[in-house]
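# Notes for the structure review
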Amino acid sequence: MDYKIRTKIAKILLKDAVDVNTEITILGLVRSVRVSKEVAFIDVNDGSCIGNIQAVFANPNTNPTLDKVTTGSSVRIKGKLIESAGKGQKFEIEGHSVDIIGEADSSYPLQKKRHSFEFLREIAHLRPRSNTFGAVNRMRSKLAYAVHKFYQDLGFYYIHTPIVSTSDCEGAGDLFRVSTMDFKNMPKTKDGSIDWDKDFFGDEAYLTVSGQLEGEIMATALGDIYTFGPTFRAENSNTARHASEFWMIEPEMAWAELEDNMDLAEAFIKYLINFAFDECEDDMKFFGQWVDKELFASLESVMKAEFERISYTDAIKLLEDSKEKFEYPVKWGVDMQTEHERFLTEKAIKKPVIVYDYPEVIKPFYMYVNDDGKTVRGMDVLVPRVGEIIGGSQREHRLDVLNDRIKKKGMDNMESYYWYTDLRKYGTVPHAGFGLGFERAIMYITGMANIRDVISFPRVPRWAKF
Ligand code: 4AD
């Protein structure tokens, strides 16, 4: 069979690139089918865009295959493209023949009705065939391209950082161990502790929580770089915004300070939104209509707005002075909780907010220490509906300050980070960077409310199916 002669539905509906009266072949899955005595309708989707194309067959009794077509089966339809007289569709196919390539059993779970997202998660192998998840996956692809385009156009180099790592960049300890040792029979050292020297890498190894530290190596050599890869966190937080495996984009700029970092973060988010409107119009319309009716208004206002930049100290004051009842109390020095972050961006300031200059004690060792000695040049970007979408900082590039901070944080294994301090020992360079959670960005741009529904095969506590 020659599959190459088929016409993709996107070419007809999105690109308007097929002339009417052309004989075409459509290959796709049946979304719905109605056969009566006089006429038969088959709605087909081929995944190239959200729209279906309808094939209309006159005199169905002359074509016995029509009676066998069921929802979910894969078909080849041949016919003539014509302008549609029906409402809501520009084109349809005057069907000449239909072949069933693969029947769908009558138990096919995706019938023509709305299914709950919870139900669809249980059938993650079939949900990409639904409207919502088709759209989500096309958006992921387009926005991944937008990420590369944004940085490549700015002259950043894409670098690959390791997935298996021996460092805990964030120091949060939420690590998945990588080991080939037999858990039932772990080799021990003389003092009875586990002998990691006998393990595959001769050391304790984990799945990476961030490519940042290796990203800094590259930035101090190549200038501006970015990473875009999978990231793993074993946080036991069963929230709608946390995944155990997610994708992170981490730009790192040499010769840059905190303000440059903020400028880049703001430009990056706006670029992605703009790209979604320009290049994913069809799928975006779907999200605006079916997922979140406020989506377009909210994103359009963000594009026009300047992100509010507010110090941690002022943000805490704002929270303390508010009449809002928080579950977690606020005072200077606490790590802000989601409820605080969302209050700032959704209620108090009502637009994206960049909070900066956090207390030194709650932030990792690598952040640049301000002259006050109490705060560091870290920043978080908070957006309505999602909360924190970006975390980053200016990096500590002064060797003595970095060493002091490492000691103060009680990081006893710091000899293994000699390579990180070497970057400061040999030709140190002020630099800064951040991480954007790709799934959180997709949630923000599509209005999808749960991270499990913006990554094809979510990994969260107690769930790694498919
Ligand atoms: O704020 P985080 O932990 O920052 C870092 O990892 C830095 N090393 C980045 C850097 O400076 N190069 O994480 C950055 C972003 C968060 O703002 C969030 O969007 C996302 O990564 N993120 C998660 N997304 C989904 N599930 C999780 N469990 C996430 N943890 C962080």
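One can find the structure itself at the top, above this paragraph.
Residues numbered from 1 in each chain as written. Predicted model: local features only at pLDDT ≥ 70, side-chain atom pairs only at ≥ 80, totals over all residues. Heavy atoms only, no water.

## Description of the environment of T65
Within the element layout of this structure, T65 appears in the loop between β3 (53–58) and β4 (74–83). Look at T65 and you get partly exposed, because its relative accessible area is 24%. Sequence separation between T65 and S97 is 32 residues, and the spatial gap between their C-alpha atoms is 8.9 Å. (Helix = DSSP H or I, 4+ residues; strand = E, 2+ residues; numbered from the N terminus. Buried < 20%, exposed > 50% of the residue type's maximum accessible area, 1.4 Å probe, protein only.)

## Describing the environment of T375
Its location among the elements puts T375 in strand β14 (residues 375–383). Through-space distance from the C-alpha of T375 to that of G171 is 18 Å; in sequence the pair is 204 residues apart. Residues contacting T375, with those up to four places away along its chain left out, are W332, D357, Y358, P359, E360, Y368, V369 and N370. There is a polar contact of 2.7 Å between the side chain of T375 and the side chain of D372. (Contact = heavy atoms within 4.5 Å. Polar contact = N/O pair within 3.5 Å; in protein donor to acceptor, adjacent residues only side chain to side chain.)

## Notes on empty space enclosed by the protein
Remark: the empty space left among the atoms is shown by a probe the size of a water molecule rolled over them. This model, assessed by the stated rule, comprises three cavities of 30 Å³ or more. Roughly 50 Å³ of volume is contained in the largest cavity. Across the lining of the largest cavity, the residue classes tally to six nonpolar, two polar and two charged. (1 Å grid on protein atoms, 1.4 Å probe; cavity = no way out; pocket = protein on both sides within 12 Å on 5 of 7 lines; lining within 4 Å. Points joined across faces, edges and corners; volume = space filled by probe spheres on them. Nonpolar A, V, L, I, M, F, W, Y, C, P; charged D, E, K, R; others polar.)

## A look at the pairing of strand β16 (residues 431–437)
Of all seven residues in β16, seven are buried, a share of seventy percent or more. In β16, alternate side chains face the same way, and those of H431, G433, G435 and G437 on one face and A432, F434 and L436 on the other are all buried. Summarising the sheet, strand β11 (residues 245–254) and β16 pair through five bridges and their orientation is antiparallel. Counted as the bridge partner of I249 is L436 from β16. (Pairing = 2+ DSSP bridges.)

## Concerning the packing of aromatic side chains
In the structure shown here, the tally under the stated rule is 24 aromatic pairs. Look at F365 and Y420: their rings are 5.7 Å apart centre to centre, the planes differ by 70°, and that puts the pair in the edge-to-face class. Taken as a pair, F365 in the loop between β13 (353–359) and β14 and Y420 in helix α11 (residues 418–425) lie far apart in primary sequence, 55 residues in all. Residue class for Y420 comes out buried when judged on its relative accessible area of 0%. By way of ring pairs, the aromatic residues Y145, F150, Y151, F156, Y158, Y226, F268, Y271, F275 and F434 are connected into one cluster. (Phe/Tyr/Trp six-rings, centres within 6.5 Å; stacked < 30°, edge-to-face > 60°.)

## Overview of the pattern of salt bridges
Per the stated rule, a full pass over the model turns up 26 salt bridges. Of the charged contacts, one joins D99 and R76 as a salt bridge, the two residues approaching to 3.1 Å between their closest N and O atoms. Taken together, the residues span a long stretch of sequence, with D99 in strand β5 (residues 91–102) and R76 in strand β4 at a distance of 23 residues. On the basis of relative accessible area, R76 is assigned to the buried category, the value being 16%. Two residues, E396 and R398, come together in a salt bridge whose shortest N-O distance is 2.7 Å. Residue classification places E396 among the buried residues on the basis of a relative accessible area of 1%. Residues joined in a network through salt bridges with shared partners are E216, E252, R395 and R424. (Salt bridge = Lys/Arg side-chain N within 4 Å of Asp/Glu carboxyl O.)

## A closer look at the packing of helix α3 (residues 131–153) against helix α12 (residues 438–446)
Orientation of α3 relative to α12, taken along the N-to-C sense of each, is 115°, at an axis distance of 11 Å. The angle between α3 and α12 places the two elements in the roughly perpendicular class. The two elements α3 and α12 cross, and the hand of that crossing is right-handed. Of the residues in α12, those in contact with M139, R140, L143, A144 and V147 of α3 are F438, E439, I442, I445 and T446. (Axes fitted to C-alpha atoms, helices over the stretch in contact; angles between N-to-C directions. Parallel < 35°, antiparallel > 145°, perpendicular 65-115°, else oblique. Left-handed = near helix turned anticlockwise from the far one by under 90°.)

## Some thoughts on the nonpolar core
L143, Y151, F268, M284, I389, I390 and Y444 are the most contacted members of the largest nonpolar core, which has 64 residues in total. Per-element tally for this core: the top contributor is helix α5 (residues 258–279), with eleven residues. For M284, the contacting residues outside a window of four places in its chain are M139, A276, F277, L295, F296, L299 and I445. Within the second largest apolar cluster, 22 residues are counted, among which are I24, C49, L66 and L81. (Core = buried A, V, L, I, M, F, W, Y, C linked by side-chain atoms within 4.5 Å.)

## Overview of the sheet that holds β13
In spatial order, the strands read β6-β10-β11-β16-β15-β14-β13-β12; together these eight strands make up an open sheet with mixed pairing. Only two strands of the sheet have a single neighbouring strand rather than two, namely β6 (157–158) and β12 (308–311). Sheet topology note: the β6/strand β10 (residues 224–232) ladder contains two bridges and is parallel. Bridge pairing links Y157 to I225 in β10. Where helix α4 (residues 212–222) meets the sheet, its contacts fall on β6, β10, β11 and β16, and the angle it forms with β11 comes to roughly 30°.

## Observations regarding the site of the ligand
Around the ligand there are 25 residues in total, and E170, Q212, E250, E388 and I389 lie nearest to it. Contacts to the ligand include E235, whose side-chain N or O atom sits 2.9 Å from a nitrogen atom. One of the side-chain N or O atoms of E250 is found 2.7 Å from a nitrogen atom in the ligand. Within the residue set of the shell around the ligand, elements represented by two or more residues are β11, β15 (387–394) and β16. In terms of residues, the shell around the ligand owes the most to one element, β15, which gives five residues. Its residues assigned to classes, the shell around the ligand comprises nine nonpolar, eight polar and eight charged. (Near = heavy atom within 4 Å.)

## Observations regarding the pairing of strand β1 (residues 23–35)
Two strands pair when backbone bridges link them, and β1 and β4 are joined in this way by seven bridges, in the antiparallel orientation. Paired with I26 across the bridge in β4 is I77. What sits between the antiparallel neighbours β1 and strand β2 (residues 39–45) is a turn of three residues.

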